[in-house]
Amino acid sequence: MKQVIQVLDERLANAGDTLPVVGHLDEPSYCLGNHDFTLPQGIDYDLMLTNAGEGILATGILRAHVEGICDRCLDPAEFDVAGEVDEYYLFEEPDEAVYAEDDDDELDYSLVNDDHTVDLTEALFSALLMETPYVVLCREDCKGLCPVCGANLNEEDCGHAAQVEREREASRLAASPFAALKDLKLDD
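These remarks concern the structure in this document. Here the structure is a predicted model, which is why all the values come from computation and not from measurement. (Residues numbered from 1 in each chain as written. Predicted model: local features only at pLDDT ≥ 70, side-chain atom pairs only at ≥ 80, totals over all residues. Heavy atoms only, no water.)

1. Section: the overall build of the protein
Okay, step 1: Counting its secondary structure elements, the protein contains three helices and nine strands.
Okay, step 2: Secondary structure of the protein in N-to-C order comes out as β-β-β-β-β-β-β-α-β-β-α-α.
Okay, step 3: Each principal axis of the C-alpha atoms in the protein carries an extent, and together these give about 95 × 45 × 25 Å.
Okay, step 4: Carbon and sulfur atoms make up 49% of the accessible area of the protein, which totals about 12,700 Å².
Okay, step 5: Here the protein carries 11 positive and 44 negative side-chain charges, and the mean point of each set is 22 Å from the other. (Helix = DSSP H or I, 4+ residues; strand = E, 2+ residues; numbered from the N terminus. Areas by Shrake-Rupley, 256 points an atom, 1.4 Å probe, with all protein chains shown as cover. Lys, Arg positive; Asp, Glu negative; His and termini not counted. Charge placed at Lys NZ, Arg CZ, Asp CG, Glu CD.)

Written out as structure tokens, the structure reads:
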């Protein structure tokens, strides 16, 4: 992802001061795990930077239209992402002794750079990744591909699905501990 650097000027000099930051990134694509996604319209973000006394709090929203490949049928899939951005940039490194008591709570922060800038890139990228689905589908009821012939079951019914289901049911019944009783003849 291209770097997004925001200069902190006199508009954020005092605690409580805010600065709206609206922008667009012409980011073409990104990866998550073994998925590759394209961003045909890039990424839009609308943030509010707030001087919180000890640092700058960046909150807001990121929006993007994402295109990828369906995990079930391998056809194109698209979805919209609206992710919450929430990052804290401290003015200086915190004292370790103060936070030693809170071992259970892992602190999550970045630092304001020496040149009075904050790098929003990681916060934006994290919001994008957090809202990207782990399983990508072209539609919620995607039937996927036939495990026998590979036909797209959204487009045609090749008949193999019923065959596979009959075989599964027969296997399930054969594995039942009561299967031995099926040939038992009870005569009066």
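2. Here's the deal with the pattern of salt bridges
Okay, step 1: Inspection of every chain in the model, using the stated rule, returns four salt bridges.
Okay, step 2: The partner of D141 in a salt bridge is R139, with the nearest N and O atoms 2.9 Å apart.
Okay, step 3: Here R139 falls in the partly exposed class, since its relative accessible area comes to 37%. (Salt bridge = Lys/Arg side-chain N within 4 Å of Asp/Glu carboxyl O. Buried < 20%, exposed > 50% of the residue type's maximum accessible area, 1.4 Å probe, protein only.)

3. Structural notes on the environment of C70
Okay, step 1: Tracing the backbone shows C70 in the loop between strand 6 (55-69) and strand 7 (76-90).
Okay, step 2: Each C-alpha atom of the pair C70 and R139 lies 8.4 Å from the other, and the pair is 69 residues apart in sequence.
Okay, step 3: What C70 contacts, discounting residues up to four positions off in sequence, is D75, A77, V136, L137, C138 and C142. (Contact = heavy atoms within 4.5 Å.)

4. Some remarks on helix 2 (residues 121-131)
Okay, step 1: Among all positions of helix 2, only T121, A123, L124, A127 and L128 are buried.
Okay, step 2: For helix 2, the elements touching its buried residues are strand 2 (18-25), strand 3 (29-32), strand 5 (43-51), strand 6, strand 7 and strand 9 (117-119).

5. Remarks on the packing of aromatic side chains
Geometrically, a pair of aromatic rings is defined through the distance of the ring centres and the angle of the planes.
Okay, step 1: Here the structure, examined in full by the defined rule, presents two aromatic pairs.
Okay, step 2: Between F37 and F79 the ring centres are 5.9 Å apart and the planes differ by 85°, which places this aromatic pair in the edge-to-face class. Placement of the pair is F37 in strand 4 (residues 35-38) and F79 in strand 7, with a sequence separation of 42 residues.
Okay, step 3: Taken together, the ring pairs in this structure connect Y30, F37 and F79 into an aromatic cluster. (Phe/Tyr/Trp six-rings, centres within 6.5 Å; stacked < 30°, edge-to-face > 60°.)

6. A look at unusual backbone geometry
Okay, step 1: A positive phi angle is found at L74, which is not glycine, with a value near 70°.
Okay, step 2: Within the secondary structure, L74 sits in the loop between strand 6 and strand 7.
Okay, step 3: Of note in the backbone geometry, H116 takes a positive phi value of approximately 60° without being a glycine.
Okay, step 4: Of note, H116 is situated in the loop between strand 8 (110-111) and strand 9.
Okay, step 5: Since its relative accessible area comes to 53%, H116 is described here as exposed.

Purely geometric stuff here, so don't read any function into it on its own.
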